[in-house]
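Structure assessment
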Amino acid sequence: MKGIVLAGGNGSRLYPLTRSISKQLMPVYDKPMIYYPISVLMLAGIQDFLILTKPEDRTAFEKLLGDGSEFGVSITYAEQDQPRGIAEALIIGEDFLDGEPCALVLGDNIFYGHGLPEILAEAKGFESGAEIFAYQVADPRAYGVVEFDGEGRVLSIEEKPRKPKSNFAVTGLYFYDSTAPAKARTLTPSDRGELEITELNSLYLEEGQLRANLMGRGFAWLDAGTHDSLLEAAQFIASIEERQGMKIACLEEIGYRLGYLTREQLLKQARKLKSSTYGAYLEKIAKSP
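**Concerning the pairing of strand β4 (residues 48–53)**
- Buried residues dominate β4, accounting for five of its six residues.
- Taken together, the four bridges between strand β1 (residues 2–6) and β4 define a ladder with parallel strand orientation. Pairing of Ile4 across the sheet is with Leu50, part of β4.
- By the bridge criterion, six bridges tie β4 to strand β5 (residues 74–79) in an arrangement that is parallel. In the strand pairing of β5, Ile51 is matched with Tyr77.
- In the classification by handedness, the crossover that spans β4, the intervening helix α2 (residues 58–65) and the parallel β5 is right-handed.

Dropping the structure here:
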């Protein structure tokens, strides 16, 4: 399975912060926003990534992430020159996927919780269909909303409904089988000129191939797409890290824990960043039993 991170989303909700820089390059507390969605897919056991950016941001992302070898993964890049919808990422990434299933994550989504690797591994293990992740929110009208029956089966999925049928919002994390790019090509642009991811998910629903994973109270999902949510995310990450003494979405640590990096490689990264608390943390991890 391969992973696509959509980092070319519209940053207008964070204007003027995003006037000269992509929001996914901005820090959320102590690391760039893009680290968080990459970490989620790494925890799912994915090592082959496509970062989809706006043309003007590609060089900055390449400078930040390189080819991924510093984290024990492989990263390539592609461009989405206009915001033509999340589902277009699957069309742009079709050659990269090369007939494999994939996980698609939005570059401004942050996930945290005990048991996250396990539910990601379960989603990765499917052979056909699609799986979405749903999270209960106070006001679902700003999101895609998924409706369930008493046994948890998906009944409907709607984009930003005026009268939501449930309080479960569809998060920006999706797992698809190998038919996803072909399905995306059949979509018609919506009134706002985009290939809607909800419409793609509806195609899987019509085939009886859409599954939903309900993320319960033990999980946190943050969509860092507004000024308030960006601040909330930074405060949340800071609180957890300072209390536990462990970092969230530290890509080098994840690569090391998963066996993608050796101890020597981790120490090399720590020395490169020795003047920062991040580098000190990597050194501590590398020297721990």
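Having put the structure on the table, let's press on.
**Some thoughts on the nonpolar core**
- With 49 residues, the main nonpolar core has Ile38, Leu41, Phe49, Ile51, Leu65, Leu173 and Phe175 as its most contacted residues.
- Once you skip the residues sitting within four places of it in the chain, Leu41 turns out to touch Gly3, Ile4, Val5, Ile46, Phe49, Ala103, Val105 and Leu173.
- The next biggest cluster of nonpolar side chains, apart from the first, holds 33 residues, and it includes Ala89, Val146, Phe148 and Ile197.

**Let's talk about unusual backbone geometry**
- Despite not being glycine, Asp98 has its phi angle at roughly 50 degrees, a positive value.
- Among the secondary structure elements, Asp98 is positioned in the loop between α4 (94–97) and β6 (102–106).
- Taking the relative accessible area as the measure of exposure, Asp98 reaches 61% and is therefore exposed.
- The phi dihedral of Ala249 falls on the positive side, at around 65 degrees, and the residue is not glycine.
- With respect to the helices and strands, the residue Ala249 is situated in the loop between α8 (227–244) and α9 (251–257).
- A relative accessible area of 7% places Ala249 in the buried class.

**Some points on the environment of Val73**
- Along the polypeptide, Val73 turns up in the loop between α2 and β5.
- When its relative accessible area of 9% is taken as the criterion, Val73 is described as buried.
- Val73 sits 179 residues away from Glu252 along the chain, and the two C-alpha atoms are 9.9 Å apart.

Scoring rules and cut-offs
Residues numbered from 1 in each chain as written. Predicted model: local features only at pLDDT ≥ 70, side-chain atom pairs only at ≥ 80, totals over all residues. Heavy atoms only, no water. Buried < 20%, exposed > 50% of the residue type's maximum accessible area, 1.4 Å probe, protein only. Helix = DSSP H or I, 4+ residues; strand = E, 2+ residues; numbered from the N terminus. Pairing = 2+ DSSP bridges. Right-handed = clockwise from strand over helix to strand, strands pointing away. Core = buried A, V, L, I, M, F, W, Y, C linked by side-chain atoms within 4.5 Å. Contact = heavy atoms within 4.5 Å.

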